[in-house]
Amino acid sequence: MKAVHFGAGNIGRGFIGETLAANDFSIDFVDVNQTLISALNERHEYDIELAAPGQEKIHVENVDGINNGEEPEKVVAAIATTDLVTTAIGPKILQFIAPLIADGLVARKHNDNLTKVDVIACENMIGGSAHLKEEVYKHLADEDRAFVDEYVGFPNAAVDRIVPLQKHDDPLMVSVEPFKEWVVDESQMARPELKLTGVDYAPDLEPFIERKLFSVNTGHATVAYTGQTLGYETIGDAIKDERVLNQLKGVLKETGDLLIDKWGFKRADHEAYQNKIINRFENPYISDTIARVGRTPIRKLGFDERFIRPIREAKERGLGYAKLLETVGKIYQFDVPTDDESVKLQQMLQDKFAEVVTATTDLKDQDLVAEIAGKLVAEFSAPRK
Ligand SMILES: NC(=O)C1=CN([C@@H]2O[C@H](COP(=O)(O)OP(=O)(O)OC[C@H]3O[C@@H](n4cnc5c(N)ncnc54)[C@H](O)[C@@H]3O)[C@@H](O)[C@H]2O)C=CC1
Ligand SMILES: O=P(O)(O)OC[C@H]1O[C@](O)(CO)[C@@H](O)[C@@H]1O
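Structure report, in brief. (Residues numbered from 1 in each chain as written. Chains lettered and ligands numbered in written order. Predicted model: local features only at pLDDT ≥ 70, side-chain atom pairs only at ≥ 80, totals over all residues.)

## Brief notes about the site of ligand 1
Phase 1: Residues in contact with ligand 1 amount to 25 residues; listed here are only the nearest, Gly9, Asn10, Ile11, Glu123 and Asn124.
Phase 2: Among the secondary structure elements, those contributing two or more residues to the shell around ligand 1 are helix H1 (10-22), strand S2 (26-31) and helix H4 (94-110).
Phase 3: If you tally residues by element for the shell around ligand 1, the top one is H1, at 3 residues.
Phase 4: A breakdown of the residues in the shell around ligand 1 according to their chemical character gives 14 nonpolar, 8 polar and 3 charged. (Near = placed C-beta within 6 Å. Helix = DSSP H or I, 4+ residues; strand = E, 2+ residues; numbered from the N terminus. Nonpolar A, V, L, I, M, F, W, Y, C, P; charged D, E, K, R; others polar.)

Below, the structure written as structure tokens:
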């Protein structure tokens, strides 16, 4: 069996690659990072290390790399004959790989390849594959849509494994937590007979993706944003602070109440699920930065994302969301100069504060307005350790 996987990064190599290889797939990793692509093509194998006592190694082989920026035609040819397409590239990048996926699917039509194929987006988002499908369809001519309708599935999926930023001499080596969960919506598959060991197939993904996103991801982000306002740089250090842990527990109580009310999870089971997540965040074998877990704060503030959606739904149901609101307030203080969205958010705040300063002081000197606004932004985002 053959798979084309977009995104040879942390979760791509550290989870999707492991699972595909364990199911005897050969994998074409597609990425724009030439260091990763060259290493994959030189060695055709890599190691995964479990972040746990013993640091067990898992060997992955039968892998190749294609740089989609340099050799898009190779990606199209690979999709034309593959059995499965997966992505772990980032929600906002899906739109950029959609044209290539569309070309690859049309190539299947031109080659009379009538084997059905599923395209699975393994991103932290609700409806990831459905979103990718919309993007792909924008690049299909009317006469190709019927073929894709009939032969291609875009089943939504939830993937759960913490894979932090990596620091190894070997660019392919990836250290991952032992826990892993990959759930695919079976009802949306074009080729449901192609099932992978290590993947769960659910008739309805919504409860799983919401439980995961509003527990693991809302929780992790809460540790990151609360931790940063207290001056911490790593998740491990932040979660040792009782104020951060209490904030996390408060937020998980609110999302837990919502999930139990909405999906009928049993409270005891859900609390056990939450406690396991807290233990995962505390894993001393993982060094995870607040900058990574809090990355792209504007995306994380989105309408259907890990804070605003549970807040909206808790409000509709008359449930509590005070701790979630508190955390949202902290997201606006997320200040990481290397994160474009953080820089943009801070600039938006600076501009708004400047409006308030102008309205309250009548100052005409814009340099002075900017200086005062800068002080206000700093005041609102200063660490309060
Ligand atoms: N790291 C984790 O623990 C988990 C991550 N995810 C999701 O997986 C996705 C990827 O996350 P990570 O692996 O952490 O990120 P990452 O940054 O390690 O990997 C992303 C990869 O995509 C590549 N890429 C970026 N733009 C590209 C383009 N236009 N064409 C081809 N390749 C491109 C990058 O070079 C990089 O190798 C995200 O949606 C994330 O939410 C989901 C569950 C766990
Ligand atoms: O990948 P995103 O959406 O930026 O969010 C980061 C989150 O993803 C994970 O890496 C895995 O779900 C978590 O560790 C973290 O909460």
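That shown, we press on.
## Overview of the site of ligand 2
Phase 1: Surrounding ligand 2, one finds Asn124, Asp160, Ile162, Val216, Asn217, His220, Ala221, Val293, Arg295 and Thr296.
Phase 2: Among the elements that make up the shell around ligand 2, the one with the highest residue count is helix H7 (residues 206-229) (4 residues).
Phase 3: Broken down by class, the residue content of the shell around ligand 2 amounts to 4 nonpolar, 4 polar and 2 charged.
Phase 4: Two domains share the shell around ligand 2, each providing at least three of its residues, namely domain 1 (2-203) and domain 2 (207-331). (Domains from an automatic or database assignment.)

## A look at the nonpolar core
Phase 1: Residues Ile101 and Ala157 are the most contacted members of the largest nonpolar core, which totals 95 residues.
Phase 2: Per-element accounting of this core gives the leading share, 9 residues, to H7.
Phase 3: For this core, the two domains that each supply at least three residues are domain 1 (2-203) and domain 2 (207-331).
Phase 4: Those residues in contact with Ile101 that sit more than four places away from it in its chain are Ile79, Val85, Val119 and Val136. (Core = buried A, V, L, I, M, F, W, Y, C linked by C-beta atoms within 7 Å. Buried ≥ 20, exposed ≤ 12 C-beta atoms within 10 Å, placed from the backbone. Contact = placed C-beta atoms within 7 Å.)

## Quick look at the pairing of strand S1 (residues 2-6)
On a regular strand, one side chain projects to one face of the sheet and the next to the other, so that they alternate.
Phase 1: Summarising burial for S1: 4 of the 5 residues are buried, a large majority.
Phase 2: Crossover handedness for the path S1 to H1 to S2: right-handed.
Phase 3: The pairing of S1 with strand S6 (residues 84-87) spans 4 bridges and is parallel. Along S6, the bridge assignment pairs Ala3 with Leu84. (Right-handed = clockwise from strand over helix to strand, strands pointing away. Pairing = 2+ DSSP bridges.)

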